[in-house]
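Residue strings, one per chain:
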Amino acid sequence: MKAIVLKDVVKPGEKKADLYLEEVETPKPGRGEILVQLRSAALNRRDVFIRYGMYPGIQVPSIPGADGAGVVADLGEGVQGFEVGNEVVINPAMGWGDHPDFPKPTFTVLGVPIDGTYAQYIKIPAENVFPKPAYLLWEEAAALPLAGLTAYRSVVTKGKVKEGDTVIIPGIGGGVATFALQIAVAKGAQVFVTSSSEEKIAKAVELGASGGVNYRSENWVKELKKLSGGGDLLIDSIGGDTFNDLVNLAKPGARIVSFGATLGPVNNLLMPRVFFKQLHIMGSTMGTPEEFAEMLSLYEKNKIRPVVDQVYPLEQVDEAHIQMEKGSQFGKIVLTIPQ
Ligand SMILES: NC(=O)c1ccc[n+]([C@@H]2O[C@H](COP(=O)([O-])OP(=O)(O)OC[C@H]3O[C@@H](n4cnc5c(N)ncnc54)[C@H](OP(=O)(O)O)[C@@H]3O)[C@@H](O)[C@H]2O)c1
């Protein structure tokens, strides 16, 4: 089969590792595994971090890619509930375990070191395979798993979003942020966003946001406070100084859920505001298989379409990664897999 292969591990600060389009052996599903012929894969920030050596546990050679959707091509021994030809999406949270609050220490994300979705075929435990919502196009289905799951746990399980809540999501151009917006809107919340781009704010409003401000403007925190009245729930992937801005924007008793730190750690956290305002600050990463199923059914019930910014053929994976590094996208960047 054709696959994109990562062959080098670089140290942070060195030139990024190249990706190679190669002919490799098609995997054979073992006991309890399914072979999926992939139709589409999607990019995540993690895939780029791995090329820069900025991710734990990198091993080579291995195939990147956490997100994918395709057709069941073969069943390993003992697999039940699936047939060859079923259309499926893959849950990239590998081996969560039994505790709903946190995963097992061996938990990992699909795609390096476990061979991922930038390939024509993948073998994957049956427990990670879910029916594809029929209304979704292949590229939309591939866009959904990692970002949809992360957003669902952050907004619903951890954030406990409810009708009428004011939700603030900074950096709406981010891959997970658009899913958080769609999920919060579907749950009846009023959502306000920030972005470096007026165009992305306008697109967020089309998706149901009530408004947004440009975080490059000097007074964006004041502007957003005036516009939103403050947040009951704030969903953060930005970290850095933005985290303190969110502490300022939080209403008394608000929940802040952090699932990323694109700007790095927060310096000098405003501790007195955290305790005087009685804030709940929570961390979140990926999610359980049950949350994955709930996320799919929320999308299906509300016929929500994941936002796909751009689709590239697999062989143009480098161009796709460059677009992600530039950050010009709104929503997901997807790869089409040759059949
Ligand atoms: N814990 C988990 O399970 C999990 C899962 C997925 C991702 N993550 C992490 O979450 C972070 C986001 O990943 P992603 O893939 O969703 O997004 P992404 O594609 O990395 O997008 C980053 C976005 O951050 C926004 N941004 C950058 N600087 C900003 C600033 N100063 N203030 C506000 N927004 C700013 C930009 O929004 P605009 O374009 O609108 O300006 C940009 O589009 C990453 O650090 C990633 O590693 C964690």
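The shown structure was predicted, so the numbers you read here are calculated from the model rather than taken from an experiment.

Draft legend 1. Spatial organisation of the overall build of the chain. The helix and strand tally for the chain stands at 10 helices and 17 strands. In terms of C-alpha radius of gyration, the chain reaches 20 Å, essentially the compact-globule figure of 20 Å for 339 residues. Burial statistics for the chain: of 339 residues in total, 47% are counted as buried. If you take every contact in the chain between residues at least 6 apart in sequence, the share linking residues at least 24 apart comes to 68%.

Draft legend 2. Here's a closer look at the site of the ligand. Contacts to the ligand come from 29 residues, most closely from Gly171, Gly173, Gly174, Ser195 and Gly260. Listed by contribution, the elements that provide at least two residues to the shell around the ligand are helix H1 (45–51) and strand E11 (190–195). Residues that form the shell around the ligand fall into these classes: 10 nonpolar, 16 polar and three charged. The residue makeup of the shell around the ligand includes at least three contributed by each of domain 1 (2–144 + 306–336) and domain 2 (149–283).

Draft legend 3. View of the packing of helix H3 (residues 145–158) against helix H9 (residues 289–302). Running from N to C, H3 and H9 cross one another at 90 degrees; their axes reach a closest spacing of 9 Å. Relative to H9, the element H3 is oriented roughly perpendicular. On H9, the residues touching Gly148, Leu149, Tyr152, Arg153 and Thr157 of H3 are Glu291, Phe292, Glu294, Met295 and Tyr299. Of the residues that constitute the contact of H3 with H9, the class distribution is five nonpolar, two polar and three charged.

Draft legend 4. How the structure looks around the pairing of strand E16 (residues 308–313). The pairing of E16 with strand E17 (residues 332–336) spans five bridges and is classified as parallel. Bridge pairing links valine 308 to lysine 332 in E17. For the handedness criterion, the β-α-β arrangement of E16, helix H10 (residues 317–326) and E17 is classed as right-handed.

Draft legend 5. View of the domain arrangement of the chain. Taken domain by domain, the chain comprises domain 1 (2–144 + 306–336) and domain 2 (149–283). On the domain 2 side, the residues contacting the 11 residues of domain 1 number seven residues. Grouping the amino acids of the side of domain 1 that touches domain 2 by side-chain chemistry returns four nonpolar, five polar and two charged.

Draft legend 6. Quick look at the confidence of the model for the chain. Taken residue by residue, the chain gives an average pLDDT of 97. The fraction at 70 or more is 100%. Here H1 stands out as the least confident element of the chain, with mean pLDDT 96; strand E10 (residues 166–169) is the most confident, with 99.

Draft legend 7. Seen up close, the environment of glutamate 290. Within the secondary structure, glutamate 290 is located in helix H9. Here the alpha-carbon distance between glutamate 290 and proline 100, two residues 190 residues apart in the chain, equals 8.9 Å.

Draft legend 8. Representation of unusual backbone geometry within the structure. Cis geometry is adopted by the peptide bond preceding proline 61, which originates at valine 60 and carries an omega value of -5 degrees. Considering the arrangement of structural elements, one finds proline 61 in the loop between H1 and strand E4 (67–75). In the segment running from valine 112 into proline 113, the intervening peptide bond is cis, with an omega of 5 degrees. Take proline 113: it is sitting in the loop between strand E7 (108–109) and strand E8 (121–125). At lysine 160, a position not held by glycine, the phi torsion is positive, near 45 degrees. On the neighbour-count criterion, lysine 160 (15 C-beta atoms within 10 Å) is partly exposed. Although it is not a glycine, asparagine 268 sits at a positive phi angle of roughly 50 degrees.

Scoring rules and cut-offs
One numbering rule holds for all chains: residues counted from 1, following each sequence as written. In keeping with the model being predicted, local features are shown solely for residues with a pLDDT of at least 70 and side-chain atom pairs are shown and tallied solely at 80 or more, while totals for entire chains, interfaces and linings include all residues. Under the scheme used here, helices are H or I runs from DSSP no shorter than 4 residues and strands are E runs no shorter than 2 residues, and both carry numbers assigned from the N terminus. Computation of the radius of gyration draws on C-alpha atoms alone. For the globule rule, the value is 2.2 Å times the number of residues to the power 0.38. Any residue with 12 or fewer other C-beta atoms within 10 Å of its own C-beta is exposed, any with 20 or more is buried, and the rest are partly exposed; the C-beta atoms used are placed from the backbone. Contacts here follow a simple rule: the backbone-placed C-beta atoms of the two residues must lie within 7 Å. Each residue gets a C-beta atom placed from its backbone. If that atom is within 6 Å of a molecule or strand, the residue is near it. In this classification, Asp, Glu, Lys and Arg are treated as charged, Ala, Val, Leu, Ile, Met, Phe, Trp, Tyr, Cys and Pro as nonpolar, and every other residue, Gly included, as polar. An automatic or database domain assignment provides the domain bounds reported here. Every axis corresponds to a line fitted to the C-alpha atoms, with the helix fit spanning only the stretch in contact, and the corresponding angles, defined between N-to-C directions, vary from 0 to 180 degrees. The labels follow the angle: roughly parallel below 35 degrees, roughly antiparallel above 145, roughly perpendicular from 65 to 115, and oblique for the rest. Any two strands between which DSSP finds at least two bridges are classified as paired. Think of it like this: strands point away, you trace from the first strand over the helix to the second, and a clockwise trace means the crossover is right-handed. pLDDT is defined as a per-residue confidence score from the predictor, taking values between 0 and 100.

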